[in-house]
Amino acid sequence: MDKIVNVIIVDDDPIVLFGIRKSLEDLEQVNIVAEFQESTTLINNLSKLSANILITDLSVPGGKYGDGIRLIKYIKRHYPHLMIIILTLNNNPAILNNVLGLDIAGMVLKQGAPTDLAQLFAALQKGQRYIPKNVIKLIDSMNVNNYSNKPLSPKESEVLRLFANGFLVTEIAKKFNRSIKTISSQKKSAMTKLGVDTDIDLLNYLCSIPNEFRVTARR
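What you see is a predicted model; the values in this text were computed from it and never measured.

*Asks:* Please explain the side chain of D57 as it appears in this structure.
*Replies:* By the secondary structure assignment, D57 is in strand β3 (residues 53-57). In terms of polar contacts, D57 uses its side chain to reach the side chain of K110, at 3.0 Å. Look past the residues within four positions of D57 in its chain and what remains in contact with it is V10, D11, D12, L87, T88 and K110.

*Asks:* Help me out: how do you make sense of the packing of helix α7 (residues 154-163) against helix α8 (residues 169-176) in this one?
*Replies:* When two helices pack together, their arrangement is given by the angle between their axes and by how far apart the axes lie. It is the contact of α7 with α8, at a shortest axis distance of 10 Å, that shows an interaxial angle of 125°. For the element pair α7 / α8, the angle class is oblique. For α7 against α8, the interelement crossing comes out right-handed. Counted together, E158, V159, L162 and F163 of α7 and I172, K175 and F176 of α8 form the full contact between these two elements.

*Asks:* Help me understand the packing of aromatic side chains, please; the structure alone is not making it clear to me.
*Replies:* What describes a pair of aromatic rings is the distance from one ring centre to the other and the angle between the planes of the rings. Taken as a whole, this structure holds one aromatic pair when the rule is applied. Above the ring of F163, the side-chain terminus of K187 is found at 5.0 Å from the ring centroid.

*Asks:* Which parts of the structure should I look at to understand the pairing of strand β2 (residues 30-36)?
*Replies:* In the case of a regular strand, side chains alternate between the two sheet surfaces. Relative to β2, strand β1 (residues 5-10) runs parallel, the two being bridged by six bridges. Note that in β2 the partner of V7 across the bridge is I32. Between β1 and its parallel partner β2, the chain crosses via helix α1 (residues 14-25), and the hand of that crossover is right-handed.

The rules we used
Residues numbered from 1 in each chain as written. Predicted model: local features only at pLDDT ≥ 70, side-chain atom pairs only at ≥ 80, totals over all residues. Heavy atoms only, no water. Helix = DSSP H or I, 4+ residues; strand = E, 2+ residues; numbered from the N terminus. Polar contact = N/O pair within 3.5 Å; in protein donor to acceptor, adjacent residues only side chain to side chain. Contact = heavy atoms within 4.5 Å. Axes fitted to C-alpha atoms, helices over the stretch in contact; angles between N-to-C directions. Parallel < 35°, antiparallel > 145°, perpendicular 65-115°, else oblique. Left-handed = near helix turned anticlockwise from the far one by under 90°. Phe/Tyr/Trp six-rings, centres within 6.5 Å; stacked < 30°, edge-to-face > 60°. Lys NZ or Arg CZ within 6 Å of the ring centre and 35° of its normal. Pairing = 2+ DSSP bridges. Right-handed = clockwise from strand over helix to strand, strands pointing away.

Rendered as structure tokens:
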């Protein structure tokens, strides 16, 4: 990596964006070339910018290009030269582990950003990947709890397959002629097995794994 690096920052929270900018301005080797608050504007301008590194929140607003793992995959496919650093509040070990599996250059939890950013760029200058110690501990906890080793039932898999493709719980219940309560319980049980707590975390997790939860059409 060159001594001086051009950096793009993406976060939908103006306060976080300001904080990250101030932290980076203290680093001599960093030159901030652009800031964005959603993924559509980022992608529309990315080819016009000369940047080495993209620091982006895992969850940002965006229509066509989405966010999270879907956005990371798109950027890596179309801009393979760009080093991606994920900035996130997410502390779910399953999702963090899958994001790291996308061959990103590093990750910073927002809680430790001021300190971790300096360590991140020090590692990148040496050609090293940066993963904070607390993220490593979270992933180790996932391995201990064996989230991924708890198999989903066939019915739970059916529910997640449709949920991943945009179906609401009410629509899934109607499709399978089950009660909304039953579908909700199966979805909740699957989320517990996967170690995720929110619908956003669940969708990010499903986007990161093989196509077993994909269907070819919404209807």
